[in-house]
Structure formats: structure tokens, C-alpha cells
Amino acid sequence: MATLLELSVGYALVCVLLAMVFCALRLLRGPSAHDRALALDTLWMTGMLLALVLGIRFGTQVYFEVAVLIALIGFVSTIAIAKFLMRGEIIE
């Protein structure tokens, strides 16, 4: 019989993957660049959550380190996209 933690992690994996699918659809269909930027921002966050849930599931530190890298790269890319949408250039 599966424990409560295994069931919870399985449910969390399904929810995160479903959220990633919806973000990818908004990224492809989004009517404006701002919608696409928000979908991309949410997509990297759900990717980070996926790495965290997999780290809990398999009990290894590698997934948590990957989640930190995704968070750092995602934050910088969000700032770059926002600056590009505001001013039209990234490097001044």
C-alpha cells in the first residue's frame, strides 16, 4: 500500500505537469507579447517546482541544486524580457 507521501508526490507531479501544459499553450497562443512573457515566466517556475517534487520523490540533492539553477536563470531572464518589452533593448 502506498504511503501518504507517495500519493501526495504523485498528485503534485500530475498538477505541475498539467500546469506546464497550460503554460506552454498560453506561450504558443498568447495574443500579445506580454501574455507570452508571463507564460514563459510561469513555465520556468513550474519547471523549478517539477525539479523540487522530483527531488522529494527520489530523495537526492541533485534535483534541489537544479531547482536553484533554474530559479537563478529564470529570474535573470524575466528581468531581461521585462526590460526588452519596456524599452526595446536589453543592453544599454
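Conventions we followed
- Residues numbered from 1 in each chain as written.
- Predicted model: local features only at pLDDT ≥ 70, side-chain atom pairs only at ≥ 80, totals over all residues.
- Heavy atoms only, no water.
- UniProt positions renumbered as here; feature names shortened; annotations may be inferred.
- Helix = DSSP H or I, 4+ residues; strand = E, 2+ residues; numbered from the N terminus.
- Disulfide = S-S within 2.5 Å.
- Buried < 20%, exposed > 50% of the residue type's maximum accessible area, 1.4 Å probe, protein only.
- Axes fitted to C-alpha atoms, helices over the stretch in contact; angles between N-to-C directions.
- Parallel < 35°, antiparallel > 145°, perpendicular 65-115°, else oblique.
- Nonpolar A, V, L, I, M, F, W, Y, C, P; charged D, E, K, R; others polar.
- Left-handed = near helix turned anticlockwise from the far one by under 90°.
- 1 Å grid on protein atoms, 1.4 Å probe; cavity = no way out; pocket = protein on both sides within 12 Å on 5 of 7 lines; lining within 4 Å.
- Points joined across faces, edges and corners; volume = space filled by probe spheres on them.

A.B. asks: Explain the UniProt feature "transmembrane region" (unreviewed entry) in the protein to me, and be specific about the residues and the numbers.
C.D. replies: Taken from the UniProt record, the annotation "transmembrane region" (unreviewed entry) applies to residues 6-25, 37-56 and 62-86. From the first C-alpha to the last, residues 37-56 spans 29 Å; its make-up is 100% helix and 0% strand. Segment residues 62-86 splits into 100% helix and 0% strand. End C-alpha atoms: 36 Å apart.

A.B. asks: Residue-level account of the state of the cysteines, with values.
C.D. replies: In the structure shown here, the tally under the stated rule is zero disulfides. Residue Cys15 stays outside any disulfide, its sulfur separated by 13 Å from that of Cys23, the closest cysteine. What makes Cys23 buried here is its relative accessible area of 10%.

A.B. asks: Please provide a residue-by-residue account of the packing of helix H2 (residues 33-58) against helix H3 (residues 62-87), values included.
C.D. replies: The interhelical angle for the contact between H2 and H3, taken along N-to-C directions, is 175°, at an axis separation of 9 Å. Considering the angle they form, H2 stands roughly antiparallel to H3. Class assignment for the residues of the contact of H2 with H3 results in 19 nonpolar, five polar and one charged.

A.B. asks: So what's going on with the packing of helix H1 (residues 4-29) against H2? Which residues, and what values?
C.D. replies: Two elements in contact, H1 and H2, have axes separated by 9 Å at closest approach and are oriented at 160°. Between H1 and H2, the crossing angle belongs to the class labelled roughly antiparallel. For the pair H1 and H2, the crossing hand works out as left-handed. Along the lines of polarity and charge, the residues of the contact of H1 with H2 split into 20 nonpolar, three polar and five charged.

A.B. asks: Describe the layout of surface pockets, and please don't skip the residues or the numbers.
C.D. replies: Roughly 150 Å³ of internal volume is contained in the largest pocket. Lining the largest pocket, in full, are His34, Ala37, Leu38, Leu40, Asp41, Trp44, Ser77, Thr78, Ile81, Ala82 and Leu85. Of all the secondary structure elements, the ones that give two or more residues to the lining of the largest pocket are H2 and H3. Per-element accounting of the lining of the largest pocket gives the leading share, six residues, to H2. Taken together, the residues of the lining of the largest pocket sort by class into seven nonpolar, three polar and one charged.

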